[in-house]
Amino acid sequence: MTQDNLERLHRFHCYSARFPTEIAQSAIASFTKKGECVYDPFCGSGTTLVAALALGRSTIGSDIDRLAGILSQLKVNPLSPKDYFNWRVDFLPKLDECLNEIESAWPTFRSPAAGEIWKIGRLALSVPELDNLLFWFPPQVTAALAAISNLAHQSGSEHFEKVILASLSACVIAKWPNTLSYAMDIDHTRPHRRIQKISMKRVKKTFLSRLDRTLECLGHLWEIYQEEKGAAIAKVLVPCDARSCIAEISDRSQRLIVTSPPYFNAVDYPRAHRLSLCWMNGYASQELGSRKDYVGIRGAGGIDHLGWLSAFPKVKERLGPSLRNQNDKVKPLVAFFSDLERVLGENWRVLRNGGYAIYVIANNVIGKDRLPSHLILSDIAKSVGFERISIRSRPIKTMRRRFPVGPFGFDGPMTHEYVVTVKKPTRVRKSRTP
Ligand SMILES: C[S@@+](CC[C@H](N)C(=O)[O-])C[C@H]1O[C@@H](n2cnc3c(N)ncnc32)[C@H](O)[C@@H]1O
């Protein structure tokens, strides 16, 4: 299986800041043997997990985000193309019936209230409890998405429920004007709105093409895993905070960690995902309370930043003289790096002696200062006990990685990022408890 082929199979959903297959694939091939286990504590849409399974390795992925969980679970447990074909034959008439009903009963339209059961013809649709729902979605699209979401919840199969919801999310999260919403630049902290006309014909066409892409990619993944005889085991833990001790993963059980932590102040996942998660009642709520647990955007709560910096004088030095003296900027940065310290401590616990951890990270530009996040991460890894093996800069070939650019700080369009490789020593002193 070539990297390009595997890469293509992720493209049924445009998850923000997904990293390229080649990073995971080459690390797994270099540092593990068949049957060994690869862990990704920020698994997002499951790139590491898929690469591991395709190479016959077992894998565990965890993430705090529900949408990440849905995508990763689908990709590690796909069904056969025949199963998808049969299910589609059954599903399409139901979809047609709902969307036709909305169109024919439409003259009775009135604005729905958040959380109400909205009666349209013979349909009873659950309206998401999202503030300003009609600010982001035109009314008829709202009805259509609610109908699709109803079909998902009534599908009688957890797998197909996720297939429908992931395809619905793909229609919403796509870049404007290809989205079925009014939201532009959905990865930014606050998306902007730009009104566009979205007909029912377009809703149906867009959803169907997304659904077909999802089924095709998942069916191919199934075939790839069959080549490996399906012996490898995959587990997805969501929601799961990478900073805390994860009971389901035992000490020294993992051979390799390949991950990309969130970058500081980059993607506001809870905000960006709200517009698709709101259709997934039962899986996720639309409230933003969980933002406080997301690394990189959580603000500075509960941090003794001066105390932390005095324990990490090298990091303080790397912040540079102008940044170091601006408390308002330093506090959230220290919160970010102290979160990474906790994550690395947990990674140390689950990694076998002699195991490797690979972190993909880019530098931020904050005000006028460039912040060498890759060097800081490597300093922190050293303090946890890891040996530094290499830091490699790699160009980003295309603008495929979806990152916001501008005031929050990447230097124009992202052009490169760093792959930091560290190793847990083969012999570890007993007293070492990060
Ligand atoms: C750069 S993305 C990872 C993308 C992934 N490598 C992929 O290819 O899809 C970072 C991920 O970290 C997750 N995240 C943020 N804070 C977290 C936390 N406290 N614990 C676990 N995951 C977290 C986000 O939900 C996001 O999926």
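Residues numbered from 1 in each chain as written. Predicted model: local features only at pLDDT ≥ 70, side-chain atom pairs only at ≥ 80, totals over all residues. Heavy atoms only, no water.

How would you summarise the packing of aromatic side chains if you had to cite specific residues and measurements?
Tallying each qualifying case throughout the model produces 12 aromatic pairs. Taking the centre distance of 5.7 Å and the plane angle of 50° together, the rings of Phe264 and Phe336 count as tilted. Highlighted residues: Phe264 in the loop between β8 (254-259) and α10 (269-277) and Phe336 in helix α14 (residues 327-350), separated in sequence by 72 residues. Look at Phe264 and you get buried, because its relative accessible area is 7%. In textbook terms, an aromatic cluster arises when at least three aromatic residues are bridged by ring pairs, as seen for Tyr84, Trp87, Phe91 and Phe160. For the cation-ring pair, Arg193 lies above Phe135, with the distance from its terminal atom to the ring centre recorded as 4.0 Å. (Phe/Tyr/Trp six-rings, centres within 6.5 Å; stacked < 30°, edge-to-face > 60°. Helix = DSSP H or I, 4+ residues; strand = E, 2+ residues; numbered from the N terminus. Buried < 20%, exposed > 50% of the residue type's maximum accessible area, 1.4 Å probe, protein only. Lys NZ or Arg CZ within 6 Å of the ring centre and 35° of its normal.)

Lay out the site of the ligand with the relevant residues and their values.
Neighbouring the ligand are 24 residues; Tyr15, Ser45, Thr47, Asp63 and Asp293 lie closest to it. The contact in question runs from an oxygen atom of the ligand to an N or O atom on the backbone of Phe19, over 3.0 Å. Residue Ser45 places a side-chain N or O atom 2.7 Å away from an oxygen atom belonging to the ligand. Spatially, the ligand is embedded in the largest cavity. Considered class by class, the residues forming the shell around the ligand number 14 nonpolar, four polar and six charged. (Near = heavy atom within 4 Å. Polar contact = N/O pair within 3.5 Å; in protein donor to acceptor, adjacent residues only side chain to side chain. 1 Å grid on protein atoms, 1.4 Å probe; cavity = no way out; pocket = protein on both sides within 12 Å on 5 of 7 lines; lining within 4 Å. Sits in = over half its atoms within 2 Å of the grid points. Nonpolar A, V, L, I, M, F, W, Y, C, P; charged D, E, K, R; others polar.)

Go over the pattern of salt bridges, please, and point to the residues and values.
Within this structure, the stated rule accounts for 22 salt bridges. Measuring nitrogen to oxygen at the nearest pair gives 2.6 Å for the salt bridge that ties Glu101 to Arg122. Placement of Glu101 in helix α5 (residues 81-105) and of Arg122 in the loop between β3 (117-120) and β4 (123-126) is noted, with a sequence separation of 21 residues between them. For Glu101, a relative accessible area of 11% translates into the label buried. Arg298 is the salt-bridge partner of Asp339, the closest N and O atoms lying 2.6 Å from each other. One end of the pair, Asp339, is in helix α14; the other, Arg298, is in the loop between α10 and α11 (305-311), and 41 residues separate them in sequence. Pair check on accessibility: Asp339 and Arg298 agree, each one buried. (Salt bridge = Lys/Arg side-chain N within 4 Å of Asp/Glu carboxyl O.)

Could you give me a rundown of the side chain of Arg243, with the residues and numbers involved?
Tracing the chain through its elements places Arg243 in the loop between β7 (234-237) and β8. Polar contacts involving the side chain of Arg243 include one to the side chain of Asp241, which spans 2.7 Å. At 3.3 Å, the side chain of Arg243 and the side chain of Asp339 are in polar contact. With near-sequence residues (within four places) excluded, Arg243 lies in contact with Lys292, Asp293, Val295, Arg298, Asp339, Arg342 and Val343. (Contact = heavy atoms within 4.5 Å.)

How would you summarise empty space enclosed by the protein if you had to cite specific residues and measurements?
Evaluation of the coordinates by the stated rule reveals four cavities of 30 Å³ or more. Its volume calculated, the largest cavity comes out at about 360 Å³. As for the largest cavity, its lining consists of 30 residues, and the residues nearest its centre are Phe42, Asp63, Ser260, Pro262 and Tyr269. Its residues assigned to classes, the lining of the largest cavity comprises 16 nonpolar, six polar and eight charged. (Points joined across faces, edges and corners; volume = space filled by probe spheres on them.)

I'd like a rundown of the packing of helix α8 (residues 158-173) against α10, residues and numbers included.
Running from amino to carboxyl end, α8 crosses α10 at an angle of 120°, the nearest separation of the two axes being 8 Å. For the element pair α8 / α10, the angle class is oblique. Considering the relative orientation of α8 and α10, their crossing is right-handed. Within the contact between the two elements, α8 uses Ser169, Val172 and Ile173 and α10 uses Ala272, His273, Leu275 and Ser276. Here the contact of α8 with α10 is built from residues that sort into four nonpolar, three polar and no charged. (Axes fitted to C-alpha atoms, helices over the stretch in contact; angles between N-to-C directions. Parallel < 35°, antiparallel > 145°, perpendicular 65-115°, else oblique. Left-handed = near helix turned anticlockwise from the far one by under 90°.)

Please give an account of the side chain of Asp65 that cites residues and values.
Along the chain, Asp65 turns up in the loop between β2 (58-62) and α4 (66-76). Buried Asp65, no salt bridge; nearest opposite-charge side chain is Arg66, N-O distance 8.1 Å. One polar contact links Asp65 to His273, side chain to side chain, over a distance of 2.9 Å. Dropping the residues within four chain positions of it, Asp65 is found in contact with Tyr15, Val238, Tyr269, His273 and Tyr294. (Lys, Arg positive; Asp, Glu negative; His and termini not counted.)

Any chance you could break down the nonpolar core for me, citing the residues and the numbers?
Residues Ile102, Leu125, Phe137, Leu145, Phe207, Val258 and Phe337 are the most contacted members of the largest nonpolar core, which totals 136 residues. Those residues in contact with Phe337, other than ones at most four positions away along the chain, are Trp308, Leu371, Ser373, Ile376 and Ile380. (Core = buried A, V, L, I, M, F, W, Y, C linked by side-chain atoms within 4.5 Å.)

An account of the pairing of strand β1 (residues 37-40) is requested, with residue identities and associated values reported.
Burial along β1 is two-sided: Cys37 and Tyr39 and Val38 and Asp40, pointing in opposite directions, are all buried. For the segment spanning β1, helix α3 (residues 47-54) and β2, crossover handedness is right-handed. (Right-handed = clockwise from strand over helix to strand, strands pointing away.)

Run through the sheet that holds β2, naming residues and quoting values.
Strand order in this open sheet of seven strands is β7-β2-β1-β8-β9-β13-β12, and the pairing throughout is mixed. In the strand order of this sheet, the two ends are held by β7 and β12 (387-395), each with one partner. Strand-to-strand, the axes of this sheet are offset by a mean angle of 15°, without reference to chain direction. Both β2 and β7 contribute to a ladder of four bridges, which runs parallel. Its bridge partner lying in β7, Ser62 is registered against Leu237. (Pairing = 2+ DSSP bridges.)

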